[in-house]
Amino acid sequence: MTNYVKIFDTTLRDGEQSPGATMTSAEKLEVARSLARMGVDIIEAGFPAASPDDLEAVRRIALEVGNSPKGQPEFKVPIIAGLARANKSDIDKAWEAVKGAQKPRIHTFLATSSIHMKHKLKMDPEEVVQRVSEMVTYAHSLCTDIEFSPEDAGRSDPEFLYIVLGEAIKAGATTLNIPDTVGYTTPDEFYKLIEGIIKNTPGMHEGITISVHTHDDLGLATANALAGIQAGARQAEVTINGIGERAGNTSMEEVVMTLKTRHPVFGLETGIDTQQFTRVSRLVSNYTGIVVQPNKAIVGANAFAHEAGIHQDGMLKHQTTYEIMRPEDVGVNQTTLVMGKHSGRAALRARLASMGYSLDDEELNKAFARFKELADRKKVITDADLEALIADEFYGPRDVFHLEGLQVSCGTLGMPTATVRLRGPDQIIHDFASMGTGPVDATYKAIDAIIQTPCKLLEFNIHAVTEGIDALGEVTVRVRSENGQQTMDAQSEAIYARVFGGHGADTDIIVASAKAYINALNKLIVAETEGRQSV
Ligand code: KIV
Ligand code: ZN
């Protein structure tokens, strides 16, 4: 058995299904580029049947990230996968979306637990076996690389799984992904499940890859994935920062860093450049508006911080006393090459290229203008500043409303007041002034008065991108649409409530706050006018 574990990233599919994680096509493309640069083997780019927009986003990723970049034939091109339910229409859409990639994959799934078969699918086990056989055969008639997942495998009867998976192999699937869809199993149980599948599935052979896909409802996702790998799985389905449905998916950084840090235990390799974790984690957090908890393993702000005196003392004597990984191995404190006011356009282009951004001339001009504006206010500009600036300038949602101007007065001597100017659809300019409990409240009230879309602000986070009083402020927000909620009962509301994240960066934190809010509202407006299904 090979000692290479393939990393299948589903940040853009399962990850994007977490409440509020909706990303724009441009953001998805940028995340896909970053995943390819860090060496991910398979990128699940989306669920093309969800909406025409999702299909288009997967198609663009397949074309632009799933092929060798011009002049770089040595680039490791990732497989681009599209998810499809086990029906012809979904499979056709997935194929339509991924076929432009050098290495396309269709990933199809059908539930196999008795709970799902009875209550959700309303199908007999025999019908499920038949459907899997027919749909994997159909998918294989379009695409040579087929992955099949028995949804809710963690709660399925193993004997039934062997039959279903045997049929999938017969019909042409070469990757069998075993999902613990509801994060129910324990590591010991999951180990035995994978071991049993490898041993008992009819037709199992060396060319079949067993994959693990675990959810974190009980906080066991990483432990379960690693147990499955120890039992012989050689593909792990993961997301950046562990984002995903409910409590999330297995986090890529945790699995990869465990395999690397505990190499003597596992003896396994991945193709991931781990020094990119911190950067990509920030990128995904900015685009989704989902803040990474400070104590999150590997990429949390405190993951390498030492507070207790005894720990600090130990660290000063020798780093290995309290650190099992070197911060630089995951990209912490790497990005300190600085630029400033006197850096020119060529230097900016070169710096952005080394960070993996390839901008055309028009984009470079815009980036340069923003860079100069920032350099007038801030002496030293780091990679983190450039990333925040690029995210702010280029990867927002379609600009339904655009911030044209903002003026606030606040402090102890009067009522905080904000005057906001937005350019709306049809290029109409709207001005509104509001008072509030503080400058952000006043600004958001004025924006609400102009945009007039019912929503609730759920979360507001602000942090400085770098150290220093002149730092760029970065704001992430999460807003929930309140459209049509009156007709829903409490349970449906919890399930269907649409949450959208937004991001904004500026040296003026009120401007950053306004941008983040408008960014989230633009996503909400686009999603509600286009409509979208999820898996
Ligand atoms: O968790 C799950 O079962 C899934 C499948 C669609 C693979 O995400
Ligand atoms: Zn999942």
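What counts as what
Residues numbered from 1 in each chain as written. Chains lettered and ligands numbered in written order. Predicted model: local features only at pLDDT ≥ 70, side-chain atom pairs only at ≥ 80, totals over all residues. Heavy atoms only, no water. Helix = DSSP H or I, 4+ residues; strand = E, 2+ residues; numbered from the N terminus. Rg over C-alpha atoms; globule rule 2.2 N^0.38 Å. Buried < 20%, exposed > 50% of the residue type's maximum accessible area, 1.4 Å probe, protein only. Near = heavy atom within 4 Å. Polar contact = N/O pair within 3.5 Å; in protein donor to acceptor, adjacent residues only side chain to side chain. Areas by Shrake-Rupley, 256 points an atom, 1.4 Å probe, with all protein chains shown as cover. Nonpolar A, V, L, I, M, F, W, Y, C, P; charged D, E, K, R; others polar. Domains from an automatic or database assignment. Contact = heavy atoms within 4.5 Å. Buried area = accessible area lost by both parts, 1.4 Å probe. Salt bridge = Lys/Arg side-chain N within 4 Å of Asp/Glu carboxyl O. Axes fitted to C-alpha atoms, helices over the stretch in contact; angles between N-to-C directions. Pairing = 2+ DSSP bridges. Left-handed = near helix turned anticlockwise from the far one by under 90°. Expected span 1.5 Å × (residues − 1). Arc of directions from axis to C-beta. Right-handed = clockwise from strand over helix to strand, strands pointing away. Core = buried A, V, L, I, M, F, W, Y, C linked by side-chain atoms within 4.5 Å.

Caption draft 1: Region of the structure containing the overall build of the protein. Helices and strands together make up the secondary structure of the protein, namely 18 helices and 14 strands. In terms of C-alpha radius of gyration, the protein reaches 24 Å, essentially the compact-globule figure of 24 Å for 535 residues. The C-alpha extent of the protein, read off along each of the three principal axes, is 75 × 65 × 50 Å. Residues counted as buried form 54% of the 535 residues belonging to the protein.

Caption draft 2: Local environment of the site of ligand 1. Taken together, Arg-13, Asp-14, His-107, Phe-109, Ser-149, Glu-151, Asn-177, Pro-179, Thr-181, His-213 and His-215 are the residues near ligand 1. Here an oxygen atom of ligand 1 and a side-chain polar atom of Thr-181 are 2.6 Å apart. Separating an oxygen atom of ligand 1 from a side-chain N or O atom of His-213 is a distance of 3.1 Å. Compared with its free state, where it exposes 260 Å², ligand 1 has 95% of that area covered by protein. Among the secondary structure elements, those contributing two or more residues to the shell around ligand 1 are β4 (104-111), β5 (146-151) and β6 (175-180). For the shell around ligand 1, the class distribution of residues is 2 nonpolar, 6 polar and 3 charged.

Caption draft 3: Spotlight on the domain arrangement of the protein. Entries for the protein in the domain assignment read domain 1 (6-288), domain 2 (336-390) and domain 3 (402-534). Relative to domain 3, the C-alpha centre of domain 1 lies at a distance of 34 Å. On the domain 3 side, the residues contacting the 21 residues of domain 1 number 16 residues. Summed over both sides, the interface of domain 1 with domain 3 buries roughly 1,400 Å², with 38% coming from carbon and sulfur. At the surface where domain 1 touches domain 3, the tally comes to 2 salt bridges. Notably, a salt bridge pairs Lys-523 with Glu-27, separated by 3.4 Å at the nearest N-O pair. At the level of elements, α1 (25-37), α2 (52-64) and α11 (277-288) are the ones that each hand at least two residues to the side of domain 1 that touches domain 3. By residue number, the principal contributor to the side of domain 1 that touches domain 3 is α11, which donates 5 residues.

Caption draft 4: Broad picture of the pattern of salt bridges. Summed over the entire model, instances satisfying the criterion amount to 32 salt bridges. Residue Lys-120 is joined to Glu-151 by a salt bridge in which the shortest nitrogen-to-oxygen separation is 2.7 Å. Of the two residues, Lys-120 sits in helix α4 (residues 114-121) while Glu-151 sits in strand β5, which places them 31 residues apart along the sequence. Between Asp-188 and Lys-192 there is a salt bridge, with its nearest N and O atoms 3.0 Å apart. Of this pair, Asp-188 and Lys-192 both sit in helix α7 (residues 187-200), separated by 4 residues, roughly a single helical turn.

Caption draft 5: Representation of the packing of α2 against helix α3 (residues 88-98) in the model. Relative orientation of the contacting elements α2 and α3 amounts to 40°, with a least axis distance of 7 Å. Seen from α2, the contacting residues are Leu-55, Val-58, Arg-59 and Ala-62; seen from α3, they are Lys-93, Glu-96, Ala-97 and Val-98. Split into classes, the residues belonging to the contact of α2 with α3 amount to 5 nonpolar, no polar and 3 charged.

Caption draft 6: Structural detail: the sheet that holds strand β11 (residues 429-435). Pairing in this open sheet of 3 strands is antiparallel, and the strands run β9-β10-β11 from one edge to the other. Strands at the two margins of the open sheet, each flanked by one partner only, are β9 (402-409) and β11. When the angles between neighbouring strand axes are averaged without regard to direction, this sheet yields 15°. Inspection of the sheet shows β9 paired to strand β10 (residues 417-423) by 7 bridges, in the antiparallel sense. Counted as the bridge partner of Ser-409 is Thr-417 from β10. Each of β9, β10 and β11 touches helix α16 (residues 439-451); the most contacted strand, β10, lies at about 40° to it.

Caption draft 7: Structural context of the packing of α7 against helix α8 (residues 221-230). At a closest axis distance of 8 Å, the pairing of α7 and α8 adopts a crossing angle of 35°. When the axes of α7 and α8 are compared, the crossing they make is right-handed. Within the contact between the two elements, α7 uses Pro-187, Phe-190, Tyr-191 and Ile-194 and α8 uses Ala-223, Asn-224, Ala-227, Gly-228 and Gln-230. Among the residues forming the contact of α7 with α8, the class breakdown is 6 nonpolar, 3 polar and no charged.

Caption draft 8: Layout of α7. Here α7 contains 14 residues, and its C-alpha end-to-end distance of 20 Å stays within 8% of the 20 Å for a straight helix at 1.5 Å per residue. Among all positions of α7, only Phe-190, Leu-193, Ile-194, Gly-196 and Ile-197 are buried. The arc that holds the buried residues of α7, viewed along the axis, is 160°, so those residues lie on one side.

Caption draft 9: Molecular detail of the pairing of strand β2 (residues 42-46). Buried residues dominate β2, accounting for 5 of its 5 residues. Direction of pairing for strand β1 (residues 6-9) relative to β2: parallel, over a ladder of 2 bridges. Paired with Asp-9 across the bridge in β2 is Ile-43. Tracing the backbone out of β1, into α1 and back to the parallel element β2 gives a crossover that is right-handed. Sheet topology places β2 next to strand β3 (residues 79-85); 4 bridges connect them, and they run parallel.

Caption draft 10: Summary view of the side chain of Thr-214. Counting through the fold element by element, Thr-214 comes out in strand β7 (residues 209-214). A polar atom in the side chain of Thr-214 sits 2.9 Å from the backbone oxygen of Ala-221. Look past the residues within four positions of Thr-214 in its chain and what remains in contact with it is Asp-180, Phe-190, Ala-221, Asn-224, Ala-225, Asn-249 and Thr-250.

Caption draft 11: Inspection of α1 at higher detail. Between its first and last C-alpha, α1 extends 18 Å over 13 residues, near the 18 Å set by a 1.5 Å rise per residue. Residues of α1 that are buried include every one of Glu-27, Lys-28, Leu-29, Glu-30, Val-31, Ala-32, Ser-34, Leu-35 and Ala-36, and no others. Looking at the residues trailing α1, positive phi occurs at Gly-39, about 95°.

Caption draft 12: Looking closely at the nonpolar core. Judged by nonpolar contacts, the single largest core of 110 residues is most densely connected at Phe-148 and Met-252. When residues of this core are assigned to their parent elements, the largest contribution, 8 residues, is made by helix α6 (residues 158-171). Those residues in contact with Phe-148, other than ones at most four positions away along the chain, are Thr-108, Phe-109, Leu-110, Val-132, Val-136, Val-164, Leu-165, Ala-168, Ala-173, Thr-175, Leu-176 and Asn-177. Formed by 27 residues, the second largest nonpolar core is a distinct cluster that contains Tyr-444, Val-475, Ala-514 and Ile-525.

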